[in-house]
Amino acid sequence: MRCRKVRSYLSAYCNDELNSSHKLAISEHLSTCSACRCEEAVYRSMSQASKELPKLMVSSEFNSKLLNRIAQERFAQTRSKAYLPRRAPIIRWNRAIPAFATACLAVLLAVVAFSPQNENGGYLTASTATGLDDSYLTVQPVSDANTTTSLKKNWSLSHQLAQWERMNRMSKVIIQQAAWDDLAGPYGRVRVSPLPSPRPVPYMPNYYKVCPVVQTYMSPESPSNREAAKAY
Amino acid sequence: MTKETEKDIDYDLIRAVQNGDLVAFDRLVDRYKSRLMSVIGRMLSSREEAEDVVQETFIRVYQHRQSFNFQHCFSTWIYTIALNLARNELRKRKKFKFYEISEMKGNEAEFAVEMKLPSRLPQALNTVIQGLPEKYRAAFILRDIQELPYDEVAKVLGIPLGTVKSRVNRARMMLRDKLKPKLESYNALSKSTLLPVSLL
């Protein structure tokens, strides 16, 4: 073996880290080469010195300091997990109110937008949809400002509808009574059997989706009443 | 004490620590504090910083005691933690400097005295070790000073076995380059003179 190769293995040779064949080859070279023997002496001194290096020791309070730190850490962990109360949920009103208002507005717009409408822009009723003659449901706008105001003041849909129905029935009864009176003449008032009660009109929210205006009350002296009497 | 016996003792102690036994943890500290100080004290130049790193190592061991895998060696695990902390400390301080012995200003006289006296050679070696690059220094300390087997050094450093052998060999050659002039003169002097070696 050449000196260069031997010197690359010398540190391992001095630390007994080579296999037997390598060890034998190097020892044979060392027996003939003094320069490599000097190198071997240096490596052996270094190996011996590394075993005799001064031991570095920790301070005497090392254990107590360490255990104190661990105790502090355990206390901090226990405290954070067990003793701190759970956080109450925080409601951010500055975000909740606008979101709620937006949601309400969206619902309102959806209700208005998706309500069915007829050609004139008024609301569709079941009658116009099915083609039945429900002319008594035809309403006309009230021209009297006072009536309009009073109507709007005490207006509720179901109340007005019920009132309108009653007045309608009463007007029919009065017309008939007036007709019978004319017929009866000197024989007195003829008892008129009451008209059969009309079929109750079921309350259908879409059906009555109108702005009801109370039909004008038909008094016995009204011109339309006299004309009806004449027809009979 | 055989290697297997030491391993078993470590396993028993760490198992007790996992169950909350602080006395077992104290015993574990006593077993490893000197070994860790011997490694970390030579990686870092300051003794106080080395002690802080060793303390931090044991705290990390305690914090992660439940995550220890019994398929691995406890000594490998604790050395790995300690070296990683030491590397972090070195990076923070950036105090690593690879310098030649001839560049040591102000310490030349002391170093010369150390080199001449045979009993001072370990101290001289200690000084020269501080000048090695970090990766060679760690491999040399674990192999030649702590006398860990090559495969354990490879696990601690997280590098292949061949790389460990290469780094250890390279570190020895660097130290030899630094120490050779003085050692040769010492050897020549010790052979030629009749005076007792201790007086040189």
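Above: the structure in question.
Remember, predicted model here, so these are calculated numbers, not experimental data. (Residues numbered from 1 in each chain as written. Chains lettered and ligands numbered in written order. Predicted model: local features only at pLDDT ≥ 70, side-chain atom pairs only at ≥ 80, totals over all residues. Heavy atoms only, no water.)

Colleague: Just give me the short version of a nonpolar patch on the surface, but keep the residues and values in it.
Modeller: All names here are of chain A. A cluster of nonpolar residues, Val-107, Leu-108, Val-111 and Val-112, forms a patch on the protein surface that exposes about 380 Å² of accessible area. Tracing the chain through its elements places Val-112 in helix α5 (residues 93-113). Look at Val-112 and you get exposed, because its relative accessible area is 52%. (Patch = residues over 30% accessible without salt bridge, like charges linked within 9 Å, V, L, I, M, F, W, Y side chains within 5 Å. Areas by Shrake-Rupley, 256 points an atom, 1.4 Å probe, with all protein chains shown as cover. Salt bridge = Lys/Arg side-chain N within 4 Å of Asp/Glu carboxyl O. Helix = DSSP H or I, 4+ residues; strand = E, 2+ residues; numbered from the N terminus. Buried < 20%, exposed > 50% of the residue type's maximum accessible area, 1.4 Å probe, protein only.)

Colleague: An account of the state of the cysteines is requested, with residue identities and associated values reported.
Modeller: All names here are of chain A. Applying the stated criterion across every chain, the model contains zero disulfides over all chains. Cysteine Cys-3 remains unbridged, with the sulfur of Cys-33 as its closest cysteine sulfur at 3.5 Å. Judged by relative accessible area, which is 30%, Cys-3 ranks as partly exposed. (Disulfide = S-S within 2.5 Å.)

Colleague: Could you give me a rundown of the interface of chain A and chain B, with the residues and numbers involved?
Modeller: Each partner contributes to the interface: chain A provides 30 residues, whereas chain B provides 40 residues. Taking both sides of the interface into account, the surface hidden between chain A and chain B amounts to around 3400 Å²; carbon and sulfur atoms contribute 59%. Counting across the interface, chain A meets chain B through four salt bridges. Of the charged contacts in the structure, one is a salt bridge between B:Glu56 and A:Arg69, with a shortest N-O distance of 3.2 Å. Counting every contact that joins chain A to chain B gives 14 residue pairs in polar contact (both at pLDDT 80 or more). Residues of the side of chain A that touches chain B, tallied by class, amount to 15 nonpolar, seven polar and eight charged. (Contact = heavy atoms within 4.5 Å. Buried area = accessible area lost by both parts, 1.4 Å probe. Polar contact = N/O pair within 3.5 Å; in protein donor to acceptor, adjacent residues only side chain to side chain. Nonpolar A, V, L, I, M, F, W, Y, C, P; charged D, E, K, R; others polar.)

Colleague: Which residues make up the packing of helix α4 (residues 74-93) of chain B against helix α7 (residues 134-145) of chain B, and what values do they have?
Modeller: Residue and element names in this part refer to chain B. Put simply, α4 and α7 touch, their axes get as near as 12 Å, and they point 150° apart. One element, α4, and the other, α7, form an angle in the roughly antiparallel class. When you trace α4 past α7, the crossing you get is right-handed. Together, Tyr-79, Leu-83, Arg-87 and Leu-90 of α4 and Glu-134, Ala-138 and Leu-142 of α7 make up the contact between the two elements. For the contact of α4 with α7, a count of residues per class yields five nonpolar, no polar and two charged. (Axes fitted to C-alpha atoms, helices over the stretch in contact; angles between N-to-C directions. Parallel < 35°, antiparallel > 145°, perpendicular 65-115°, else oblique. Left-handed = near helix turned anticlockwise from the far one by under 90°.)

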